[in-house]
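Each chain, letter by letter, is given below.
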Amino acid sequence: MFGNRVLKGVFLVGLGATSYGMLATFVKLAYQENFTTAEVTTAQFVLGILGVLLINSFQRIQHKNTAIKATTKNIFQLMLAGTSLGMTSVFYYLCVRYIDVSIAIVLLMQTVWMGVLLEMILDKKLPSTQKIIAVIIVLIGTALATNLLKNEIELNWRGIFWGMLAAASFTTTMFTANRVALGISSAQRSLYMLLGGALIVFGFALATQNTPFNFDIFLKWGIVLALFGTIIPPMLLNAGFPLTGIGLGSIVSSLELPISFFMAYFLLNEQVNSWQWMGIILIILAIIIMNINLKMKK
């Protein structure tokens with residue numbers, strides 16, 4: 001059915017999405033040990049930048065400094081784009097502090113309809129019927145996945161607020177990341193975007209950390225958060241998407257949703273009922289509907 005290149009791409013994108021899906025659960029576990037959002041995000045970005053620096057150094061040695069280097073303009077554009085990456089981490093981790101991981105990931109997936117809205121504003125034309133149908137399905141799926149209809153879960157308004165802000169900033173990240181400095185290596189792009197995100201994260205930490213910084217976070221959770229949040233997923237997704245194409249890659253990356261639910265269920269003992277699973281299935285279905293034509297054209 002698929003060629004070896006496509007199968008390899010599906011494997012890479014699937015692993016990258018799975019890594020992202022685990023991330024919020026690790027953050028929640030760090031919160032249970034009384035680490036703050038500032039400590040969590042700082043550790044993730046510091047160790048993430050160090051890790052990507054090592055990868056860049058290895059690639060330079062491997063290619064004997066023949067790889068295309070980023071220009072000053074590239075660096076500025078990528079760091080500017082990376083600020084939305086930093087905001088996504090801060091907003092999403094604040095969201096996880098107030099509501100269940102299984103609900104937070106659903107809020108983050110509102111990027112589906114936010115992306116359609118942003119595309120409509122930038123292109124100045126109405127979205128296709130296919131995309132409108134997908135957006136409606138996402139909204140129905142969201143209502144089910146968050147138990148809004150049955151009102152079984154008391155949703156903290158602060159969690160919803162930060163979750164929607166995380167979705168908005170993640171939408172910005174996806175749009176800018178796919179349009180800026182595409183001629184340089186993914187490792188260089190990841191590094192400069194992380195540096196831009198670090199400016200936001202460090203600014204947030206300085207503004208909000210009102211207790212002595214607990215450096216234990218670096219050893220206890222920092223390495224895990226850096227690996228699953230800032231090192232493994234970007235490298236795998238950047239390597240996998242060119243092999244799968246955007247359509248199939250987007251469908252495979254929706255694995256992040258069920259993985260987040262499974263992690264929250266098994267490690268955090270969060271209750272996930274059949275209505276929530278139905279909502280997750282609908283959101284994944286919407287992602288497939290939005291991208292199936294791209295896959296067929298490919």
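Please read these numbers as outputs of a predicted model, since none were measured by experiment.

Draft legend 1. Representation of the pattern of salt bridges in the model. By the definition in use, this model includes two salt bridges. Across the pair Glu33 and Lys220 runs a salt bridge, and its minimum N-O distance is 4.0 Å. Separated by 187 residues along the polypeptide, Glu33 in the loop between α1 (4-32) and α2 (37-62) and Lys220 in helix α9 (residues 216-244) bring together distant segments of the chain. Residue Glu33 is classed as partly exposed on the basis of its relative accessible area, which comes to 37%. Between Glu119 and Lys131 there is a salt bridge, and its shortest N-O distance comes to 2.5 Å. Pair noted here: Glu119 is in helix α5 (residues 111-123) and Lys131 is in helix α6 (residues 129-145), with a separation of twelve residues, a long-range link. According to the relative accessible area criterion, Glu119 is partly exposed, its value standing at 26%. In this structure Lys131 comes out as partly exposed when scored by relative accessible area, which is 21%.

Draft legend 2. Representation of α1 in the model. Between its terminal C-alpha atoms α1 stretches 43 Å, which fits the 42 Å expected from 29 residues at 1.5 Å a residue. Looking one or two residues past α1, Asn34 carries a phi angle of roughly 70°, positive in sign.

Draft legend 3. Fine view of the confidence of the model for the protein. Mean pLDDT over the protein works out to 86, with 93% of the residues at or above the 70 mark. Here residues 294-298 is modelled with pLDDT under 50, and outside its nearest four sequence neighbours on either side it reaches five contacts, counting other chains as well.

About the cut-offs
Residues numbered from 1 in each chain as written. Predicted model: local features only at pLDDT ≥ 70, side-chain atom pairs only at ≥ 80, totals over all residues. Heavy atoms only, no water. Salt bridge = Lys/Arg side-chain N within 4 Å of Asp/Glu carboxyl O. Helix = DSSP H or I, 4+ residues; strand = E, 2+ residues; numbered from the N terminus. Buried < 20%, exposed > 50% of the residue type's maximum accessible area, 1.4 Å probe, protein only. Expected span 1.5 Å × (residues − 1). pLDDT = per-residue confidence, 0-100. Contact = heavy atoms within 4.5 Å.

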